[in-house]
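Remarks on the overall topology
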Amino acid sequence: MIQDPVLLNEWHVVRPASQVPVGVPVPARLLDEDIVLWRSGDQLMAWQDLCIHRGTKLSLGRVEGECLICPYHGWVYDEAGKCVKIPAHPDQVPPDKARVQTYHVQEKYGWIWVCMGTPSHEIPPFAEWDQEEFRKIACGPYKFKASAPRVLENFLDIAHFPFVHEGYLGDPDHTEISNYEAVVDENGVTADDIRVWQPDPDGTGVGKHVVYTYRVLRPLLAYFVKREARQFSILFAVTPVSEFESEGWMWMNMNYGYDVPYDEMVQFQNTVAGQDIPIVESQRPERLPLDLQAELHLRSDRTAIAYRKWLRELGLTFGTA
């Protein structure tokens, strides 16, 4: 496991909740650690995917009632992660140390979140989740061979829209980024009143300037909203699978466009993410530099500057330089 004190105590998205049915162990990976997810009735578990007997993956095993059974020697673990039966020695009481490493786990916003340490905070609120007028569209996971802070910072970057996402999010004939401020406080980073030209920002076929607000809620969780009457927002979570392997998970939220097919909206975001991936994977150094002297910064980079300053204040070491 990667020993970053900040990320060990963070909540991370590892799977859509729909992919972890009752009675089926499901593998995942987080911070270079294999995890097994499984349910027993209403109870959800996240464990190290490792039988403590001979190191076999428990995700290859099976669920019986309230227990998870190792596929190798049939060791039986209860919901608390304690071995309660060793088939080769049925009359022996398993020793207390015969326990699986367990992790904190929650199901929220249709995702399963895991914290491998001691949670330093609650999962941040997602305002649109409980607002019925918003259509919510799940996208991802988008797989990046890149560090998670690099992936998150790309989400915050609007100056690349006219070049990486020409015709989708930007236009090479309209490249100027308005002046704006980015503030760091106890809630993370907020960048407000960012004006940018987009060719078709609300599905009407008419290009115009739109105003964004970006928020970095946690080191690897961010959100933006277009401040229009027809509102569009995205909640973006980056999972640090390993130092240079990440997954991006999105909820797109809109209070219009109910007639647009769901698959069409997903395909649009798949296209945009597909344009981002090779760019982010090409960035060097692979670790995000937190020393602001290491790269050249401009006024249009204020959100990224604030993000890097905040990560440095937090003491994040994972995926940074």
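Since the model is a prediction, treat every value here as computed from it, not as a measurement.

What follows deals with helix H4 (residues 262-282). Here H4 contains 21 residues, and its C-alpha end-to-end distance of 31 Å stays within 8% of the 30 Å for a straight helix at 1.5 Å per residue. Of all the positions in H4, only Met265, Val266, Gln269, Val272, Ala273, Asp276, Ile277 and Val280 are classed as buried. If you follow the buried residues of H4, they end up packed against strand S11 (135-144), helix H2 (148-156), helix H3 (161-164), strand S16 (232-242) and strand S17 (245-254).

On the basis of which strands lie adjacent, the open sheet formed by 7 strands has the order S11-S17-S16-S15-S14-S13-S12 and antiparallel pairing. Looking along the sheet, the strands with just one partner apiece sit at the ends: S11 and strand S12 (181-185). Direction aside, the axes of adjacent strands within the sheet are offset by 20° on average. Where strand S14 (residues 208-218) lies against strand S15 (residues 221-226), 6 bridges are found, and the strand directions are antiparallel. Paired with tyrosine 212 across the strands is lysine 226, a residue of S15. The sheet strands contacting H4 are S11, S16 and S17, and the helix crosses S11 at an angle near 30°. Each of S12, strand S13 (188-198) and S14 touches helix H5 (residues 302-314); the most contacted strand, S12, lies at about 15° to it.

With that out of the way, let us pick up the packing of H2 against H5. Interhelical geometry of H2 versus H5 gives an angle of 145° and a closest axis separation of 9 Å. Crossing angle aside, the handedness with which H2 passes H5 is right-handed. Within the contact between the two elements, H2 uses Pro149, Arg150, Leu152, Glu153 and Leu156 and H5 uses Thr303, Ala304, Tyr307, Arg308 and Leu311.

Quick look at the pairing of S16 now. Counting buried residues along S16, 11 of its 11 residues qualify, which places the element largely inside the surrounding structure. Here 6 bridges tie S15 to S16, and the two strands are oriented antiparallel to one another. Each residue of the ladder has a partner; that of leucine 221, found in S16, is alanine 237. From the end of S15 to the start of S16, which pair antiparallel, there are 5 residues. Pairing of S16 with S17 involves 10 bridges; the strand directions are antiparallel. Bridging across to S17, alanine 237 finds its partner in tryptophan 249. Where S16 folds back on S17, the antiparallel hairpin that results is connected by 2 residues.

Across the sheet, which stays open at both edges, the 6 strands sit in the order S1-S10-S9-S4-S3-S2 with antiparallel pairing between neighbours. Sheet topology places strand S1 (12-16) and strand S2 (26-30) at the edges, where each strand pairs with a single neighbour. The average undirected angle you get between the axes of adjacent strands in this sheet is 35°. The pairing of strand S3 (residues 33-40) with strand S4 (residues 43-48) spans 6 bridges and is antiparallel. In the strand pairing of S4, serine 40 is matched with glutamine 43.

Evaluated as defined, the whole model comprises 18 aromatic pairs. One aromatic cluster is present, built from ring pairs that chain together Phe155, Phe161, Tyr212, Tyr214, Phe224, Phe232 and Phe236.

A few words now on the pairing of S4. Within S4, 5 of the 6 residues are buried, which leaves the element mostly enclosed by the surrounding structure. Hairpin connection, S3 to S4: the antiparallel pair is bridged by 2 residues, and glycine 41 has positive phi, about 65°. Bridge analysis of S4 against strand S9 (residues 102-108) gives 2 bridges, and the strand direction is antiparallel. Looking at S9, one finds that tryptophan 47 is bridged to threonine 102.

What follows is about unusual backbone geometry. Put simply, glycine 140 and proline 141 share a cis peptide bond, and its omega is 10°. Summarising the element assignment, proline 141 is placed in strand S11. Between arginine 284 and proline 285 the backbone carries a cis peptide bond, its omega angle lying at 0°. Relative to the assigned elements, proline 285 resides in the loop between H4 and H5. Backbone geometry at leucine 31 places phi at a positive 50°, although glycine is not the residue there. Inspection of the secondary structure assignment puts leucine 31 in the loop between S2 and S3. Here leucine 31 falls in the buried class, since its relative accessible area comes to 0%. Here the phi dihedral of aspartate 193 falls at roughly 55°; this positive angle occurs in a residue that is not glycine. Along the chain, aspartate 193 falls in strand S13.

Thresholds applied
Residues numbered from 1 in each chain as written. Predicted model: local features only at pLDDT ≥ 70, side-chain atom pairs only at ≥ 80, totals over all residues. Heavy atoms only, no water. Helix = DSSP H or I, 4+ residues; strand = E, 2+ residues; numbered from the N terminus. Expected span 1.5 Å × (residues − 1). Buried < 20%, exposed > 50% of the residue type's maximum accessible area, 1.4 Å probe, protein only. Contact = heavy atoms within 4.5 Å. Pairing = 2+ DSSP bridges. Axes fitted to C-alpha atoms, helices over the stretch in contact; angles between N-to-C directions. Left-handed = near helix turned anticlockwise from the far one by under 90°. Phe/Tyr/Trp six-rings, centres within 6.5 Å; stacked < 30°, edge-to-face > 60°.

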